[in-house]
Amino acid sequence: MIGVDLFSGAGGMSIGALWAGIDVRLAIEADKYAAETYSKNHRSVDVQNTRIQTVRSVDLGPRTSPVVLFGGPPCQGFSTSNQRTRSADNQANWLFREYLRIVHQVSPEWIVFENVKGILETEGGMFIRQISTSLKRAGYNVAQWVLNAADYGVPQRRSRLFIVGCRAGRVPSPPPRSRRPSVTVWEAIGDLPLLRNGAAIDRLPYRRDPLSAYAQRLRGSNAQSANHLVTKNMPCILERYAHVPQGGNWSSIPKGLMSNYEDLERCHTGIYRRLRAHEPSVVIGNFRKNMLIHPTQNRGLSVREAARLQSFPDWFEFTGSIGFQQQQVGNAVPPLLAKAVFLAVRRAQQRA
Ligand SMILES: C[S@@+](CC[C@H](N)C(=O)[O-])C[C@H]1O[C@@H](n2cnc3c(N)ncnc32)[C@H](O)[C@@H]1O
């Protein structure tokens, strides 16, 4: 099966596709650093670093097998954590039309459209209805799957919406959930190096043997790994961190230390959250802005720790400044979740 990744970001979905045996041929991504990360880690893919609006034709070479067109247009506008931009007025919310334009152009056998769950409710469900209706009109049978990454071996509770469509036959059922217990934060990151606030040495050896089959798998045969970068927070922020227990958030911090917040009650529950070591993580989104705290150290998460919680393998390296790397990791579809989706698609294709 041939893959095309639209709005590819660093390529979390593409890694899942690769793991499911899909030959990804083309990726389109507007951001320079995300496209650079994609190219560095997917050497055989043609990466077009351009805005999708400017893509006039998609050339896949000889179509020797069925094509799956996949991707997630930017979702900030649909996210429940971003009420301000969650409407039809936000231009970014209309990028899905570009996705549909490419669907018409390529006419793939399969489509996988990924987004945040919030898109189901935005503007009373208008967006989701438009996408489904347009795909049906283009001749696709479609189904909506809301899947939680933690059910597919990812150490993170992160629900995502997938619209899966096919031109022939019925869309399969969602992939079966893993029967194994969820992977915990500590099992995922406990072997990574001890770091300080503001850590800036990119490449470091592991601290110990992997603590789980999950960590072993992502580590592979590497002796060291990259992207051990941590945001440098001011001392007053570190003082706040020290008050937050595992699973706690900003509400554990003495009010006197939060005097720069005008209205504390308006802080959302994700601010200053410290991860619980022995549970799956909360969503790894904008983890710098949300001040997500390491379970046992008084600092933010490193890029590599966040990547592990997203199920990126350690050979996958992020490029750009620390801010761009954090964004690439937080934006990604966890590769293991994407793999489960693509395996379901491939099995259905093989049965057809
Ligand atoms: C949610 S992220 C995609 C994450 C990706 N699916 C992954 O798994 O890593 C959305 C991406 O769309 C890109 N993007 C935004 N507007 C774009 C446009 N007009 N053309 C192409 N890419 C665009 C952003 O730079 C961002 O990397």
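Refer to the preceding data block for the structure.
Calculation criteria
- Residues numbered from 1 in each chain as written.
- Predicted model: local features only at pLDDT ≥ 70, side-chain atom pairs only at ≥ 80, totals over all residues.
- Helix = DSSP H or I, 4+ residues; strand = E, 2+ residues; numbered from the N terminus.
- Rg over C-alpha atoms; globule rule 2.2 N^0.38 Å.
- Buried ≥ 20, exposed ≤ 12 C-beta atoms within 10 Å, placed from the backbone.
- Contact = placed C-beta atoms within 7 Å.
- Expected span 1.5 Å × (residues − 1).
- Pairing = 2+ DSSP bridges.
- Axes fitted to C-alpha atoms, helices over the stretch in contact; angles between N-to-C directions.

Some words on the overall build of the protein
For step 1, the next point in the chain: Per the secondary structure count, the protein includes ten helices and nine strands.
For step 2, the next point in the chain: For the protein, the C-alpha radius of gyration of 20 Å lies close to 20 Å, the compact-globule estimate for 352 residues.
For step 3, the next point in the chain: Projected onto the principal axes, the alpha-carbon positions of the protein cover approximately 60 × 45 × 40 Å.
For step 4, the next point in the chain: When each of the 352 residues of the protein is scored for burial, the buried share is 47%.
For step 5, the next point in the chain: Relative to all contacts within the protein whose residues are 6 or more apart in sequence, the contacts with residues 24 or more apart total 67%.

Regarding helix α10 (residues 335-351)
For step 1, the next point in the chain: Look at α10: 24 Å from first C-alpha to last across 17 residues, which is about the 24 Å you get at 1.5 Å a residue.
For step 2, the next point in the chain: Among all positions of α10, only P335, L336, L337, A338, K339, A340, V341, F342, A344 and V345 are buried.
For step 3, the next point in the chain: Against α1 (12-19), β4 (67-71), β5 (110-116), β6 (141-148) and β7 (159-166) lie the buried residues of α10.

Examining the sheet that holds strand β3 (residues 46-48)
For step 1, the next point in the chain: Pairing is mixed across the open sheet formed by seven strands, whose spatial order is β3-β2-β1-β4-β5-β7-β6. Edge strands, defined here as strands with exactly one partner in the open sheet, are β3 and β6. The mean angle between the axes of side-by-side strands here comes to 20°, regardless of whether they run parallel or antiparallel.
For step 2, the next point in the chain: As judged from the five bridges shared by strand β1 (residues 2-6) and strand β2 (residues 23-28), these two strands associate in the parallel manner. Of the residues in β2, the one forming a bridge with V4 is L26.
For step 3, the next point in the chain: On top of the sheet, α1 reaches β1, β2, β4 and β5; it is set at about 170° to β2, its chief contact.
For step 4, the next point in the chain: Strands in contact with α10 are β4, β5, β6 and β7; relative to β5, the strand with the most contacts, it is inclined by about 155°.

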